[in-house]
Amino acid sequence: METILNRQNQIISDELKENDDIYLVRDEYFINTGEIENEDEFYTEFNFQKLSILNLSEYYPIDYDDKDKLNVLVSKQKWKKNKYNLLLEDIANDVSQIFIVSIKKKNYFCTL
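Residues numbered from 1 in each chain as written. Predicted model: local features only at pLDDT ≥ 70, side-chain atom pairs only at ≥ 80, totals over all residues. Heavy atoms only, no water.

## A look at a nonpolar patch on the surface
Together, Tyr29, Ile31, Tyr59, Tyr60 and Tyr64 give the surface a local cluster of nonpolar side chains, amounting to about 530 Å² of exposed area. Position of Tyr64 among the secondary structure elements: in the loop between α2 (56–59) and β3 (69–78). (Patch = residues over 30% accessible without salt bridge, like charges linked within 9 Å, V, L, I, M, F, W, Y side chains within 5 Å. Areas by Shrake-Rupley, 256 points an atom, 1.4 Å probe, with all protein chains shown as cover. Salt bridge = Lys/Arg side-chain N within 4 Å of Asp/Glu carboxyl O. Helix = DSSP H or I, 4+ residues; strand = E, 2+ residues; numbered from the N terminus.)

Shown next, in the form of structure tokens:
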């Protein structure tokens, strides 16, 4: 895992400088539950804010019904090499589906 983390940190650091603004973007999706569950306990240190709640049936009416929702959450941070290692490890282990966006650099990073 150390090799993967070093590589991911280096790839991102090749594009971003220390303390560049970044946005961490994650989602929560709820299929067939009829309600939005509270998953705020994940990554509390990043203080994610709900940006929007999408009713998936409005966009894909054949595939989803009115109970199917997608939350989009965003957290503004500063890039620091190795600061996000736990997050990057969760992404590599398919625990999380977070990506990093730099508006200034017009880049985004989906890490594996």
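## A few points about helix α1 (residues 2–15)
Spanning 14 residues, α1 covers 20 Å between terminal C-alpha atoms, matching the ideal 20 Å at 1.5 Å per step. Among the residues of α1, those classed as buried are Leu5, Gln8, Asn9, Ile12 and Ser13. The arc that holds every buried residue of α1, seen down its axis, measures 125°, which confines them to one face. Exposed positions of α1 whose direction lies more than 90 degrees from the buried face are Thr3, Arg7 and Asp14. (Expected span 1.5 Å × (residues − 1). Buried < 20%, exposed > 50% of the residue type's maximum accessible area, 1.4 Å probe, protein only. Arc of directions from axis to C-beta.)

## Describing the packing of α1 against helix α3 (residues 85–92)
In the contact formed by α1 and α3, the axes pass within 10 Å of each other and the chain directions differ by 110°. Relative to α3, the element α1 is oriented roughly perpendicular. Of the two possible hands of crossing, α1 and α3 adopt the one that is right-handed. For the pair formed by α1 and α3, the contact residues are Ile4, Leu5, Gln8 and Asn9 on the first element and Asn85, Leu88, Glu89 and Ala92 on the second. When grouped by side-chain class, the residues that make up the contact of α1 with α3 number 4 nonpolar, 3 polar and 1 charged. (Axes fitted to C-alpha atoms, helices over the stretch in contact; angles between N-to-C directions. Parallel < 35°, antiparallel > 145°, perpendicular 65-115°, else oblique. Left-handed = near helix turned anticlockwise from the far one by under 90°. Contact = heavy atoms within 4.5 Å. Nonpolar A, V, L, I, M, F, W, Y, C, P; charged D, E, K, R; others polar.)

## A word on α3
Listing the buried residues of α3 in full gives Asn85, Leu87, Leu88 and Ile91. For α3, the arc enclosing every buried residue in end-on projection is 160°, short of the 170-degree limit, so these residues lie on one face. Buried residues along α3 sit against α1 and β1 (21–30). Among the residues trailing α3, Asp94 stands out with phi positive, at a value near 60°.

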